[in-house]
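Working through the structure, step by step
Each chain is listed here by its residues.
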Amino acid sequence: MSRMTPFSSPLLLGFDAMEKTLERLAKSGDSYPPYNIERLRGADGAAEKLRITLAVAGFAESDLDVTTEENQLVVRGRQTDETEREYLHRGIAARQFQRCFVLAEGMRVTGAELRNGLLSIDLDRPEPEKLVRKIDIAVKD
């Protein structure tokens, strides 16, 4: 018995990668660090702007890495465990994380800022040019 997916329609060509991305997102269940995604209102006619804010308290700028890999925004955090400290109680662990966000075609990261334990990453999507292209039909008789 074959598996039917929303992308198995013969009218949807080239969406194989999107289907795999959606399956991968459905399997990821880690909720650390918590984050917000907000739409930033700008001037009329301005490009769409988004801001992703992650709660990364305890992480320094040198502990964080923000990269784009193909169509993904990847945020990694790695804290080093300080061995010279002697804890009587340790409730705040030095924890590593990796959080991935899939970016739509044309999205670009415009900047990142760390302030008061919050890492804000700004993105925008410039308006694509609306292209209409005529395809010549070759006649072969």
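Quick note: structure is the one above.
Residues numbered from 1 in each chain as written. Predicted model: local features only at pLDDT ≥ 70, side-chain atom pairs only at ≥ 80, totals over all residues. Heavy atoms only, no water.

Description of the side chain of aspartate 124
Position of aspartate 124 among the secondary structure elements: in strand S7 (residues 118–125). Judged by its relative accessible area of 6%, aspartate 124 is buried. A polar contact of 2.8 Å, which involves the side chain of aspartate 124, links it to the side chain of arginine 108. In this structure aspartate 124 touches Glu48, Lys49, Gly106, Met107, Arg108 and Thr110, once residues within four positions along its chain are discounted. (Helix = DSSP H or I, 4+ residues; strand = E, 2+ residues; numbered from the N terminus. Buried < 20%, exposed > 50% of the residue type's maximum accessible area, 1.4 Å probe, protein only. Polar contact = N/O pair within 3.5 Å; in protein donor to acceptor, adjacent residues only side chain to side chain. Contact = heavy atoms within 4.5 Å.)

Focus: the pattern of salt bridges
Enumeration according to the criterion identifies four salt bridges in this entry. Close ionic contact of arginine 108 with aspartate 124 constitutes a salt bridge, the shortest N to O distance being 2.8 Å. Here arginine 108 is found in strand S6 (residues 108–115), whereas its partner aspartate 124 is found in strand S7, with 16 residues between them in sequence. (Salt bridge = Lys/Arg side-chain N within 4 Å of Asp/Glu carboxyl O.)

Some details on the pairing of strand S3 (residues 64–69)
Relative to strand S4 (residues 72–77), S3 is paired through six bridges, and the arrangement is antiparallel. Bridge pairing links aspartate 65 to arginine 76 in S4. Linking two consecutive strands that pair antiparallel, namely S3 and S4, is a turn of two residues; a positive phi of about 55° is found at glutamate 70 within it. (Pairing = 2+ DSSP bridges.)

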